[in-house]
Structures are given as structure tokens and as C-alpha cells.
Amino acid sequence: MEACSSNQSGSSSYSLAKNLSTVKNVLKRWNKTVFGNIKHRISELKKNIEKLSQNTNRCPIAIKKLEESLQQWKNIKEDYWQTKSRNNRINLGDRNTSYFQNSARTRYKRNIVDNLKGKNGIWLKDRTSIANCLTDHFKEIATTSNPTLDNDLIKLIPKVVTEEENTKFLDIPSPQEIKNALFDMEGNKAPGPNGFPPNFFQHN
């Protein structure tokens, strides 16, 4: 793509970010002018198929081509919503509604703190007390000038990373390692900060 290969002054990372931004704008325009509205295209194809089917002089080959085109656009629609949903385990359709609701409800429950033990050992259950306890805790650890470490607590943490492994972890990943990590991702996962999902880079 010309938009992606245009020359940009600056570092490699800056040039990549600028080119991706340019590509995004070009794709937005292309989506509106060429690709069009998915829902509208599917609706028009259904109307055309119905119209041809009711014609006494209908052409089976023409109807078959329209049906194939309709299926292609349905696949495009499914891919679009899979990318939007950030979850590849679902199928497109109204039955997704309950899945989305249950998924959101489960995530909400998992993130709720129902009760919390305070410094004095008393369990806090109301929202205000829990909020105040957390606020006081983080204020204390963020403002103390002489932080202390509990060595007995540190000793409880098992050492599972060797010095050799730690050195490898700190190494800058090679281009091949970055590529392998990228291609190991599910293509339709959530886009990164640049707005592109993994499959954009996997196919380009």
C-alpha cells in the first residue's frame, strides 16, 4: 500500500506510527466510498434475490451468483462483529445477546470487592468503609519517606527465575521473536493503541 510505504522523517518507530495513522485514514475513506455499508449491501442482495426468484423468466445462474455474494457479505459481517466483540468463541446472531450479558455480568462480579479486612482486623462490608480503607492504604504507601520491607514476607516468595533466565528476560527481543509473537495471536483480538487488530499485520 502506498499509504503505508510513504517516507516519513524521524525514527523508525515514529515513521511506522505515522504511516499507520495515514493507512487508518485511507481505510476509513475506502470503507465509505468503496466497501460501503455492510447491512445495506446484505439488504439489497436479499431484495434482488427475492425479485429474481419471483420472476417467471428467472435465471438460476444469476440467482446462484447473488446467493454466493450474499454469503460472502454475511461472512464479512460476522468477521466484523467478531473483531468488535473481542471474543472469537461466539457466533454471529441474536443468540449472542445473552452471551454478552452473561460475560459482562461475570466480569463485573469478578471485579467487585464485597468485603475487606482493615488494619485493626475488622471486616469492612459497606462501600464507603472499603473505599476509605483502600484510599488510606495507598496514601500511606505512596507518601511514606522511609518505606520498610518485611523480610519474613519476602522470604515466603519462592525464587523461580534463575539469574540466567532473568538475563534472557531483559534482552531486547529479536525481530523474529516479535514476528512469532504477533503470528501466535488470534487475528480478531482487540486492536492495539494504533487501532489495528493482529490480523492486519499478519496479512500485510
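Residues numbered from 1 in each chain as written. Predicted model: local features only at pLDDT ≥ 70, side-chain atom pairs only at ≥ 80, totals over all residues. Heavy atoms only, no water.

Bringing the overall build of the protein chain into the picture now. Helix and strand counts for the protein chain come out as 10 helices and two strands. Within the span of the protein chain, comprising 204 residues, buried residues form 14% of the whole. Put simply, of all contacts in the protein chain between residues at least 6 apart along the chain, 32% involve residues at least 24 apart. Accessible area for the protein chain stands at about 17,100 Å²; split by element, carbon and sulfur atoms hold 53% of it. (Helix = DSSP H or I, 4+ residues; strand = E, 2+ residues; numbered from the N terminus. Buried < 20%, exposed > 50% of the residue type's maximum accessible area, 1.4 Å probe, protein only. Contact = heavy atoms within 4.5 Å. Areas by Shrake-Rupley, 256 points an atom, 1.4 Å probe, with all protein chains shown as cover.)

Applying the stated criterion across every chain, the model contains one salt bridge. Among the ionic pairs, Glu 140 bridges to Lys 119, the shortest N-O distance being 2.4 Å. With Glu 140 in helix α6 (residues 127–143) and Lys 119 in the loop between β1 (116–117) and β2 (123–124), this residue pair connects regions lying 21 residues apart in the sequence. In this structure Lys 119 comes out as exposed when scored by relative accessible area, which is 72%. (Salt bridge = Lys/Arg side-chain N within 4 Å of Asp/Glu carboxyl O.)

Here we take up the packing of aromatic side chains. Ring pairs (aromatic) are described by centroid distance and by the angle formed between their planes. In this structure the tally under the stated criterion is three aromatic pairs. For the pair Phe 196 and Phe 201, a centre-to-centre distance of 6.2 Å together with 75° between the ring planes defines the contact as edge-to-face. Given a relative accessible area of 7%, Phe 196 falls into the buried group. Members of the aromatic cluster, joined through ring pairs, are Phe 196, Phe 200 and Phe 201. Residue placement shows Lys 179 over the ring face of Phe 183; its charged tip is 5.8 Å from the ring centre. (Phe/Tyr/Trp six-rings, centres within 6.5 Å; stacked < 30°, edge-to-face > 60°. Lys NZ or Arg CZ within 6 Å of the ring centre and 35° of its normal.)

With that settled, the discussion passes to the environment of Ile 122. Within the secondary structure, Ile 122 is located in the loop between β1 and β2. Other than its neighbours up to four places away in sequence, Ile 122 contacts Leu 116 and Lys 117.

On to the nonpolar core. Ile 38, Ile 42, Leu 45, Ile 49, Ile 63, Leu 66, Leu 70 and Trp 73 form the largest nonpolar core, which has eight residues in total. Looking at this core, the elements that each hand over two or more residues are α3 (38–54) and α4 (60–85). In this structure, Ile 38 is in contact with Trp 73, Ile 76, Lys 77 and Tyr 80, ignoring residues within four places of it in sequence. (Core = buried A, V, L, I, M, F, W, Y, C linked by side-chain atoms within 4.5 Å.)

What follows covers the environment of Met 185. Turning to its location among the elements, Met 185 is positioned in the loop between α9 (175–183) and α10 (198–202). Met 185 sits 17 residues away from Gln 202 along the chain, and the two C-alpha atoms are 9.3 Å apart. Among all residues touching Met 185, those that are not within four sequence positions of it are Pro 198 and Gln 202.

Turning our eyes to something else, we now look at a positive patch on the surface. Side chains of Lys 39, Lys 46, Lys 74 and Lys 77 sit close together on the surface and give a patch of like positive charge. Secondary-structure elements contributing two or more residues to the positive patch are α3 and α4. Here Lys 77 falls in the partly exposed class, since its relative accessible area comes to 32%. (Patch = residues over 30% accessible without salt bridge, like charges linked within 9 Å, V, L, I, M, F, W, Y side chains within 5 Å. Lys, Arg positive; Asp, Glu negative; His and termini not counted. Charge placed at Lys NZ, Arg CZ, Asp CG, Glu CD.)

Now for a nonpolar patch on the surface. On the surface, a nonpolar cluster with roughly 290 Å² of combined accessible area is contributed by Leu 134, Phe 138 and Ile 141. One can find Leu 134 in helix α6.

With respect to the helices and strands, the residue Trp 73 is situated in helix α4. With 31 residues separating them along the chain, Trp 73 and Ile 42 place their C-alpha atoms 6.4 Å apart.

Let us look at the confidence of the model for the protein chain. For the protein chain, the mean per-residue pLDDT works out to 78, and 78% of the residues sit at or above 70. Considering only residues more than four positions removed or in separate chains, one finds that residues 90–95, a stretch of pLDDT under 50, has nine contacts. (pLDDT = per-residue confidence, 0-100.)

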